[in-house]
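# Tertiary structure, described
Each chain, written out:
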Amino acid sequence: MARAAAKSHVRADSSDRAANTRVAAVFGEIADLLEVEGQNPFRVRAYRNAAHELGALGRDLAAMVAAGEDLTELPGVGEDLAGKICEIVDTGSCAALDELHATWPASIHDVMRVPGVGPRRARTLFERLAVRTLADLHAAATKQQIRELPGFGATSERNILDALAGLLGTGRRLPLAEARVHGERLLARLRGAPGVIEAVIAGSYRRALATVGDLDFLVTARAKNGAIAALVGAPDVAHVLAEGDTRATVVLRSGLQIDLRVVGRDSFGAALHYFTGSKAHNIAVRRLGVARGLKINEYGVFRDECRVAGRTEESVFAAVGLPFIPPELRENRGEIAAARAGELPQLVTSADLRGDLVLVPAKSEPSGLVTAAAVAARARGLAYLLVVHEVPARSHAAVDWPARIHAAAEACAERGLAALQGLELDMASKTCPEVVVDFVAARLSHVAHAPAHAALLRLVGPTRASDEGPDPTPLVRLALGAALAVVGEPAQLPRLEPQLRTARAEGVAVVLGSGGEPGGGEASRLDLAVSQARRAWIEPGEVVNSRPLAEVRAVLARRGASRRRAGP
DNA sequence: GCCGTTTTCGGCCCGACTGTTTTCAGTCG
């Protein structure tokens, strides 16, 4: 045991949460193989739940093991799984999984992930046709062997080939802003369909997750309606996966999957809650219902056979003794306990903002950019702009900074907006322009010496949309006493929630901004930034640009008041 | 395998759709 403890101590020194990922992966694989084996479904679910919980855990499992903490305190973890977590952290492997691998190949996981092939069919394919891999599956389907199996037919075989050819959705998650474009177009089409009363988008889209895997449409309609027909007949539908009286699933040419549910008016609230999720939140709410003798499903809240709520979401929450919980919080990450205690945060809204943040790249002319941002800001009823001039790490040509500052000030004044202006230094900057500004900002890509006089910090990093990047905590801490600038640039969205969550935990104030990019028809970047702040439980008081200009000036002047004149 | 405002045993969300059946299992969300 001493040896194992020493090993885990070494692992615990790494600051990432690699152990969590590893444990979640092992539990997920055990769940898959137990399911193929036909084991007790609740046992399978226990592994799957634990994998999900641990994958989203904010703490490092390796560190917890090293510190000898009681792992059974973790949600979904009992004596048995606690032991397996220690085993995986200490040895990197798990005997239970090795045992399953003696019977079932690891690659069977891929086979059962093919749409239309689940654990039972994967087992049949393995036992009857020795299908171990996707290549085996393709070969068997091509040779028309699958149609001969019990429970399969020619259609199933065809569907498997289609799935393997990548026809049934790309599986890739779409950035929220991009999904919004598809979503709004379909929404308009559904609203125009005969008999439709109301159409909304639920799911992770409504929870404002930075990326969405599919779009869940919910429609209330009269008994006879054309909602399903409107969806399957939409021009960019590539495949119809399911089409019934009350639900349909299609895949668009872009690869985006669309699910549609049609419910009666009295069920709207229950259905909206049900299809907004998250799954973990729903299960927790249904549990509360069970404790009160209530059954909650997408049609309503029922005591025995009698419907007691469901027309509105508020009525569903009220039935289990809770106030309305905003969709962005519904992740079963403490929102239910907070709601019960009457301690839900008053989330920031777009209407709370009084100013926007504009970034002016060194290579751009300030006046055009700032004018466009000022026009947009006026249209939203904002009062001021924070104009941040990016200073390149190395200046190749002489830049007339006073002229740029002046041009931006003019552009704001012309639109009746106040402006606070700052220079944003790259952390590698060797030089600092000599010009009078209201504040100094800094952009950081990794932990370094943040300029002590920087009042506003912005974290920049790789632009891969799917990558949340490393733990932002050390970087965010550099903004203590200053403010963290968060810009709703679509490609950066997945990084914002962790940054904002950390900012809140560390007591760092934030500035939410559009960056001033010309938005065109796409979703407003300011609203995208706000959506991620809401997911991070941020309240208006934590948002600097929800305050009047004078207060903002004071906040930004706290640091480096003596350094207003940036430069030597 | 986990968990407890009916519980340390007996539950664990559940309804829609498809394909293959001839009354239902498997899959999905």
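Residues numbered from 1 in each chain as written. Chains lettered and ligands numbered in written order. Predicted model: local features only at pLDDT ≥ 70, side-chain atom pairs only at ≥ 80, totals over all residues. Heavy atoms only, no water.

## Quick notes on the packing of aromatic side chains
Applying the stated criterion to the full structure yields 4 aromatic pairs. Here W104 and F126 contribute two aromatic rings whose centre-to-centre distance is 5.6 Å and whose plane-to-plane angle is 55 degrees, an arrangement assigned as tilted. With W104 in the loop between α6 (95-103) and α7 (108-112) and F126 in helix α8 (residues 119-129), the pair connects residues that are 22 residues apart, well separated along the chain. Ring centres of Y274 and F275 lie 4.9 Å apart, and the angle between their planes is 75 degrees; on these two criteria the pair is classed as edge-to-face. Judged by its relative accessible area of 30%, Y274 falls in the partly exposed class. Using a relative accessible area of 17% as the deciding quantity, one classes F275 as buried. Taking NZ or CZ as reference, R121 lies 4.6 Å from the ring centre of F152, over its face. (Phe/Tyr/Trp six-rings, centres within 6.5 Å; stacked < 30°, edge-to-face > 60°. Helix = DSSP H or I, 4+ residues; strand = E, 2+ residues; numbered from the N terminus. Buried < 20%, exposed > 50% of the residue type's maximum accessible area, 1.4 Å probe, protein only. Lys NZ or Arg CZ within 6 Å of the ring centre and 35° of its normal.)

## With respect to the UniProt feature "domain: Helix-hairpin-helix DNA-binding motif class" (unreviewed entry) in chain A
Under the present numbering, the feature "domain: Helix-hairpin-helix DNA-binding motif class" (unreviewed entry) in UniProt falls on residues 69-88, 109-128 and 144-163. Structurally, residues 109-128 comprises 70% helix and 0% strand, and the distance from its first C-alpha atom to its last is 17 Å. (UniProt positions renumbered as here; feature names shortened; annotations may be inferred.)

## Let's talk about the sheet that holds strand β6 (residues 247-252)
Two orientations exist for strands paired in a sheet by backbone hydrogen bonds: parallel and antiparallel. With respect to topology, 5 strands assemble into an open sheet ordered β2-β4-β7-β6-β5, the strand pairing being mixed. On the outer flanks of this sheet lie β2 (196-201) and β5 (237-243), each paired with one strand and no other. Ignoring strand direction, the axes of neighbouring strands in this sheet form an average angle of 20 degrees. The pairing of β6 with strand β7 (residues 257-263) spans 5 bridges and is antiparallel. Among the inter-strand pairings, T249 is bridged to a residue of β7, identified as D259. (Pairing = 2+ DSSP bridges. Axes fitted to C-alpha atoms, helices over the stretch in contact; angles between N-to-C directions.)

## What about the nonpolar core?
Most often, soluble globular proteins keep nonpolar side chains buried together rather than apart. In terms of nonpolar packing, the biggest core is built from 73 residues, with L385 and L512 touching the most fellow members. For this core, the leading source of residues is helix α11 (residues 176-191), giving 6 residues. If near-sequence neighbours (up to four positions away) are discounted, L385 is found in contact with D356, V358, V370, A373, A374, A377, C412, L417, A418, A419 and L420. (Core = buried A, V, L, I, M, F, W, Y, C linked by side-chain atoms within 4.5 Å. Contact = heavy atoms within 4.5 Å.)

## Digging into unusual backbone geometry
Cis geometry marks the peptide bond from G277 to S278, where omega comes out at -5 degrees. We note that A208 has phi near 60 degrees; this positive angle belongs to a residue other than glycine. Examined against the element boundaries, A208 turns out to sit in the loop between α12 (203-206) and β3 (211-212).

## A few points about the protein's contact with DNA strand B
Taken together, 43 residues form the shell around DNA strand B, and within it R45, G116, G118, G153 and E243 come nearest. Among atoms of DNA strand B positioned within 4 Å of the protein, sugar and phosphate together represent 76%. Between G153 and DNA strand B, the recorded distance is 2.4 Å, taken from a backbone N or O atom to a phosphate oxygen. The backbone of R247 places a nitrogen or oxygen atom 2.9 Å from a phosphate oxygen of DNA strand B. (Near = heavy atom within 4 Å. Polar contact = N/O pair within 3.5 Å; in protein donor to acceptor, adjacent residues only side chain to side chain.)

## Observations concerning the pattern of salt bridges
Counted by the stated rule, this structure contains 26 salt bridges. Its salt-bridge partner being E331, residue R207 comes within 2.8 Å of it at the nearest N-O pair. Here E331 lies in the loop between α16 (313-319) and α17 (335-340) and R207 lies in the loop between α12 and β3, a separation of 124 residues in the sequence. The salt bridge involving R330 is made with E313; its shortest N-O contact spans 2.8 Å. Of this pair, R330 sits in the loop between α16 and α17 while E313 sits in helix α16; the two residues are 17 residues apart in sequence, bridging distant segments of the chain. On the basis of relative accessibility, which here comes to 5%, the residue E313 falls in the buried class. (Salt bridge = Lys/Arg side-chain N within 4 Å of Asp/Glu carboxyl O.)

## Some words on the packing of helix α3 (residues 41-55) against helix α5 (residues 79-91)
Remark: α3 packs on α5, axes separated minimally by 12 Å, with the N-to-C direction vectors making an angle of 55 degrees. In terms of orientation, α3 and α5 fall into the oblique class. By crossing handedness, the relation of α3 to α5 is classed as right-handed. Residues A46, Y47, A50 and L54 of α3 touch α5, and the partners they reach there are D80, L81, K84 and I85. Split into classes, the residues belonging to the contact of α3 with α5 amount to 6 nonpolar, no polar and 2 charged. (Parallel < 35°, antiparallel > 145°, perpendicular 65-115°, else oblique. Left-handed = near helix turned anticlockwise from the far one by under 90°. Nonpolar A, V, L, I, M, F, W, Y, C, P; charged D, E, K, R; others polar.)

## Describing the pairing of β6
Within β6, 5 of the 6 residues are buried, which leaves it mostly tucked inside the rest of the structure. Bridge count for β5 against β6 is 5 bridges, and the pairing is antiparallel. In the strand pairing of β6, V237 is matched with L252. Counting the residues between successive antiparallel strands, the hairpin from β5 to β6 contains 3 residues.

## Digging into α3
Along its 15 residues, α3 runs 21 Å from first to last C-alpha, staying within 8% of the 21 Å computed at 1.5 Å per residue. Turning to α3, its buried residues are V44, Y47, A50, A51 and L54. Along the long axis of α3, the arc covered by the buried residues comes to 130 degrees, so they all point the same way. α3 presents P41, F42 and H52 as exposed residues on the side facing more than 90 degrees away from its buried surface. If you check the start of α3, you find a side-chain oxygen 2.9 Å away from the backbone N of F42, and it comes from N40. (Expected span 1.5 Å × (residues − 1). Arc of directions from axis to C-beta.)

## Digging into the sheet that holds strand β12 (residues 384-391)
Reading across the sheet, the 7 strands line up as β11-β12-β13-β15-β16-β17-β18 and stay open at both edges, with parallel pairing between neighbours. At either end of the open sheet lies a strand with only one pairing partner, and these are β11 (355-360) and β18 (509-513). Between one strand axis and the next, the sheet turns through 30 degrees on average, direction left out of account. As judged from the 3 bridges shared by strand β16 (residues 456-459) and strand β17 (residues 483-487), these two strands associate in the parallel manner.

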